[in-house]
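Residues per chain, in single letters:
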Amino acid sequence: MSTLHTVNKSPFVNRTLESCLNHCKDGDAVLMIEDGVYGGLGGTAVSAIVAEKAGSVSIHVLTPDMEARGLSADRLLDGITCVGYDGFVELVTKHDRTQAWL
Amino acid sequence: MEYQVNGKTIPADEEGYITNLDDWSPELAEEIAKTENIEMDEERWEVVNFLRDYYQEYQIAPAVRVLIKAIKKSMGPEKGNNKYMYELFPYGPAKQACKIAGLPKPTGCV
Amino acid sequence: MSDVKKFLYVNRKAPYGTIYALESLEVVLIGAAFDQDVSLAFLDDGVFQLTRDQNTDGIGVKNFSPTFRALGDYDVTRLYVEKESLDERGLTADDLQEIMYEDEDDDWAEKPAIRIVSRAEMTDIMAEQDVILSF
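Residues numbered from 1 in each chain as written. Chains lettered and ligands numbered in written order. Predicted model: local features only at pLDDT ≥ 70, side-chain atom pairs only at ≥ 80, totals over all residues. Heavy atoms only, no water.

1. Comments concerning the interface of chain C and chain B
- Taken together, the contact between chain C and chain B spans 15 residues of the former and 15 residues of the latter.
- When the two sides are added together, the surface that chain C and chain B hide from each other amounts to roughly 1,300 Å², 51% of it contributed by carbon and sulfur.
- When the area that chain C buries against chain B is broken down by residue, the three leading residues are Lys 62, Asp 73 and Tyr 74 of chain C, summing to 39%.
- Note that Lys 73 of chain B and Glu 102 of chain C form a salt bridge whose closest N and O atoms lie 2.7 Å from each other.
- With 3 residues, the top contributor of residues to the side of chain C that touches chain B is helix H1 (residues 20-31) of chain C.
- Considered class by class, the residues forming the side of chain C that touches chain B number 7 nonpolar, 2 polar and 6 charged. (Contact = heavy atoms within 4.5 Å. Buried area = accessible area lost by both parts, 1.4 Å probe. Salt bridge = Lys/Arg side-chain N within 4 Å of Asp/Glu carboxyl O. Helix = DSSP H or I, 4+ residues; strand = E, 2+ residues; numbered from the N terminus. Nonpolar A, V, L, I, M, F, W, Y, C, P; charged D, E, K, R; others polar.)

Here you go:
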């Protein structure tokens, strides 16, 4: 049993990403979408807490949202995977429930 | 829509629920009941007053199921049942009793 | 009946600055008609929704905090509040209003609906659900 968590807000306007990561269980997945994709960048104020979770939780970023914001994959933290809309759907089906962190 | 009570005009929405809850008075209740073809008697006042108390305490008009359960608890099973409540308010206690009590339509009631 | 699902409403926003908290409560009240197993979670700023002595007279919006006390009538009897979220905000359980429900299976004994849980327990509660609705 596992959960897919989605985060759609930038980690620099509120602490939703942090709260989400604090409520993940091993084997869960986090998908960063919309402004949430900024949470996947390396060298930021939240990179450390994201990197720390990246071992026990799989972390993904939605490619179209990243590209829309002019971010390339090489700016992401190590261990973060890019997925398209098909990958989004796959994540939803792979996990037992989805929790949208608003 | 609007009601006329003692020379005053009380605004209501298109379904007859009053717009400003503070406009309510027992006289207005009688007036609203008339438009619903309901004659207010002791039993009906008991339900209307119960609804007003419930709203005062919780800030919501209860769903029918909740209202009936609460009436059953405070007035007993001979009043806290669907039959009794629909005899008093044939078009539904939520629709009619809440309207007469000057409350908004119960949440979730369509 | 096996089609009863576990629903958790996750509340993470303070009460009056945005519409989330009120919307959540309304959805809970509407959803209660469907006889599912419903509980509520309060974490992050969501814990502010339950503080006592709210008075909205001066801001011209409805004070919906008394409505939480009606949830027992709607068979919603578990309000999980995260301890760490309270701590971070300088709150304790005493700062929250008292919300009681009557336990049908225990001769209608009055019991507190608010349950203070740790972050780890909250994580487990979320992982037990069939459906999570976030506000």
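2. Concerning H1 of chain C
Residue and element names in this part refer to chain C.
- Over its 12 residues, H1 extends 16 Å from the first C-alpha to the last, a length consistent with the 16 Å expected when each residue adds 1.5 Å.
- Ala 21, Ser 24, Leu 25, Val 28, Leu 29 and Gly 31 are the residues of H1 that are buried.
- On its buried face, H1 sits against strand E1 (6-11) and strand E2 (37-42). (Expected span 1.5 Å × (residues − 1). Buried < 20%, exposed > 50% of the residue type's maximum accessible area, 1.4 Å probe, protein only.)

3. Here we look at the packing of aromatic side chains
- Inspection of the entire model under this criterion finds 6 aromatic pairs over all chains.
- Across the ring face of Trp 24 of chain B, the terminal group of Arg 52 of chain B is positioned such that the distance to the ring centre comes to 3.7 Å. (Phe/Tyr/Trp six-rings, centres within 6.5 Å; stacked < 30°, edge-to-face > 60°. Lys NZ or Arg CZ within 6 Å of the ring centre and 35° of its normal.)

4. Concerning the interface of chain A and chain C
- Contacts between the two partners involve 12 residues from chain A, matched on the other side by 19 residues from chain C.
- Carbon and sulfur atoms supply 47% of the area that chain A and chain C bury against each other, a total of about 1,300 Å² over both sides.
- Interface area lost by chain A to chain C is led by His 23, Arg 97 and Leu 102 of chain A, which between them contribute 44%.
- For the interface between chain A and chain C, the tally reads 1 salt bridge.
- Note that Lys 25 of chain A and Asp 124 of chain C form a salt bridge whose closest N and O atoms lie 2.2 Å from each other.
- Taken together, the links from chain A to chain C amount to 9 residue pairs in polar contact (both at pLDDT 80 or more).
- Those elements that provide at least two residues to the side of chain A that touches chain C are helix H1 (16-22) and strand E5 (97-101) of chain A.
- The element that contributes the greatest number of residues to the side of chain A that touches chain C is E5 of chain A, accounting for 5 residues.
- The residue inventory of the side of chain A that touches chain C, partitioned by class, reads 4 nonpolar, 6 polar and 2 charged. (Polar contact = N/O pair within 3.5 Å; in protein donor to acceptor, adjacent residues only side chain to side chain.)

5. Description of the domain arrangement of chain B
Residues and elements named next belong to chain B.
- Domain annotation for chain B reports domain 1 (2-35) and domain 2 (42-100).
- Summarising the inter-unit geometry, the C-alpha centres of domain 1 and domain 2 are found 19 Å apart.
- On the domain 2 side, the residues contacting the 11 residues of domain 1 number 8 residues.
- Interface area, domain 1 with domain 2, both sides summed: about 850 Å², of which 64% is carbon and sulfur.
- The largest share of the area that domain 1 buries against domain 2 comes from Tyr 17, Trp 24 and Ile 32, three residues that together contribute 54% of it.
- Linking domain 1 with domain 2 are 0 salt bridges.
- The interface formed by domain 1 and domain 2 holds 3 residue pairs in polar contact (both at pLDDT 80 or more) in total.
- By residue number, the principal contributor to the side of domain 1 that touches domain 2 is helix H1 (residues 26-35), which donates 5 residues.
- Partitioned by chemical class, the residues of the side of domain 1 that touches domain 2 number 8 nonpolar, 1 polar and 2 charged. (Domains from an automatic or database assignment.)

6. Observations concerning empty space enclosed by the protein
- Within this structure, the stated rule accounts for 1 cavity of 30 Å³ or more.
- The space that makes up the largest cavity amounts to roughly 40 Å³.
- As for the largest cavity, its lining consists of Thr 3, His 5, His 23, Lys 25, Asp 28 and Gln 99 of chain A together with Thr 123, Met 126 and Ala 127 of chain C.
- Broken down by secondary-structure element, the contributors of at least two residues to the lining of the largest cavity are strand E1 (3-7) of chain A together with helix H3 (119-127) of chain C.
- The element that contributes the greatest number of residues to the lining of the largest cavity is H3 of chain C, accounting for 3 residues. (1 Å grid on protein atoms, 1.4 Å probe; cavity = no way out; pocket = protein on both sides within 12 Å on 5 of 7 lines; lining within 4 Å. Points joined across faces, edges and corners; volume = space filled by probe spheres on them.)

7. Digging into the sheet that holds strand E2 (residues 29-32) of chain A
Residue and element names in this part refer to chain A.
- Read from one edge of the open sheet, 5 strands run E4-E3-E2-E1-E5, paired in parallel fashion. On the outer flanks of this sheet lie strand E4 (81-83) and E5, each paired with one strand and no other. Put simply, the sheet's adjacent strands are angled 25° from each other on average, direction ignored.
- Relative to strand E3 (residues 58-62), E2 is paired through 4 bridges, and the arrangement is parallel. Directly across from Leu 31, in E3, lies its bridge partner His 60. (Pairing = 2+ DSSP bridges. Axes fitted to C-alpha atoms, helices over the stretch in contact; angles between N-to-C directions.)

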